Amino acid sequence: MARTEISPELLEIVAGGAIGFDPDAAGTYTMHCEFSGECYYGVSLANVMETAKFGASIPNTPEGEQQIIAWAKARNYI
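Computed from a predicted model, the values in this text were never measured in an experiment. (Residues numbered from 1 in each chain as written. Predicted model: local features only at pLDDT ≥ 70, side-chain atom pairs only at ≥ 80, totals over all residues. Heavy atoms only, no water.)

## As for the nonpolar core
Inside soluble globular proteins, nonpolar side chains tend to come together where they are buried.
Stage number 1. If you look at the biggest cluster of nonpolar residues, it comprises twelve residues: Ile-19, Met-31, Cys-33, Tyr-40, Val-43, Val-48, Phe-54, Ile-58, Ile-68, Ile-69, Trp-71 and Ala-72.
Stage number 2. For this core, the secondary structure elements donating two or more residues are β2 (29-33), β3 (39-43), α2 (45-55) and α3 (62-74).
Stage number 3. For this core, the element with the highest residue contribution is α3, accounting for four residues.
Stage number 4. When near neighbours in sequence (up to four residues on either side) are disregarded, Val-48 contacts Phe-21, Tyr-29 and Val-43. (Core = buried A, V, L, I, M, F, W, Y, C linked by side-chain atoms within 4.5 Å. Buried < 20%, exposed > 50% of the residue type's maximum accessible area, 1.4 Å probe, protein only. Helix = DSSP H or I, 4+ residues; strand = E, 2+ residues; numbered from the N terminus. Contact = heavy atoms within 4.5 Å.)

## Re α2
Stage number 1. For α2, the complete set of buried residues consists of Asn-47, Val-48, Thr-51, Phe-54 and Gly-55. One side of α2 carries all its buried residues, which in axial view fall inside an arc of 130 degrees. Seen from the open side of α2, the exposed residues pointing more than 90 degrees away from its buried face are Ala-46 and Lys-53.
Stage number 2. Residues of α2 that are buried in the fold lie against β1 (19-23), β2, β3 and α3. (Arc of directions from axis to C-beta.)

## Overview of the pattern of salt bridges
In a structure, side chains of opposite charge can pair up when their charged atoms sit close to one another.
Stage number 1. This model, assessed by the stated rule, comprises one salt bridge.
Stage number 2. For Glu-50, the salt bridge goes to Lys-53, with nearest N and O atoms at 3.0 Å. Of this pair, Glu-50 and Lys-53 are both found in helix α2, three residues apart, which corresponds to roughly one turn of the helix. (Salt bridge = Lys/Arg side-chain N within 4 Å of Asp/Glu carboxyl O.)

## So, the pairing of β3
Stage number 1. Pairing between β2 and β3: three bridges, direction antiparallel. When the bridges of β3 are listed, His-32 appears paired with Cys-39.
Stage number 2. Turn length for the β2-β3 hairpin, with the two strands adjacent in sequence and antiparallel, is five residues, and the turn residue Gly-37 shows positive phi of about 80 degrees. (Pairing = 2+ DSSP bridges.)

## Here's the deal with unusual backbone geometry
Stage number 1. A positive phi angle, near 60 degrees, is found at Asn-76, a position not held by glycine.
Stage number 2. Assignment of secondary structure puts Asn-76 in the segment after α3.
Stage number 3. Residue classification places Asn-76 among the exposed residues on the basis of a relative accessible area of 66%.

## A word on the side chain of Thr-30
Stage number 1. Tracing the backbone shows Thr-30 in strand β2.
Stage number 2. A relative accessible area of 8% places Thr-30 in the buried class.
Stage number 3. Ignoring any residue separated from it by four or fewer positions in sequence, one finds Thr-30 in contact with Gly-20, Phe-21, Asp-22, Asp-24, Cys-39, Tyr-40 and Tyr-41.

This is the structure:
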């Protein structure tokens, strides 16, 4: 499979970039929010995957971040 580079200009508009996940010592993940600075701890890998799938269609904006957070909270993912 060929690799395609994304230009730096396009990286700024890639959907879902407001949320990041880092592994922790407990085997779960910490969810970091770029715009609000909020963090959510103990997120399972399954919930990370579902949140990432949902977030992929959401704009990388403060409002989009809040939409992802509200969606994940409604499902008890965070």
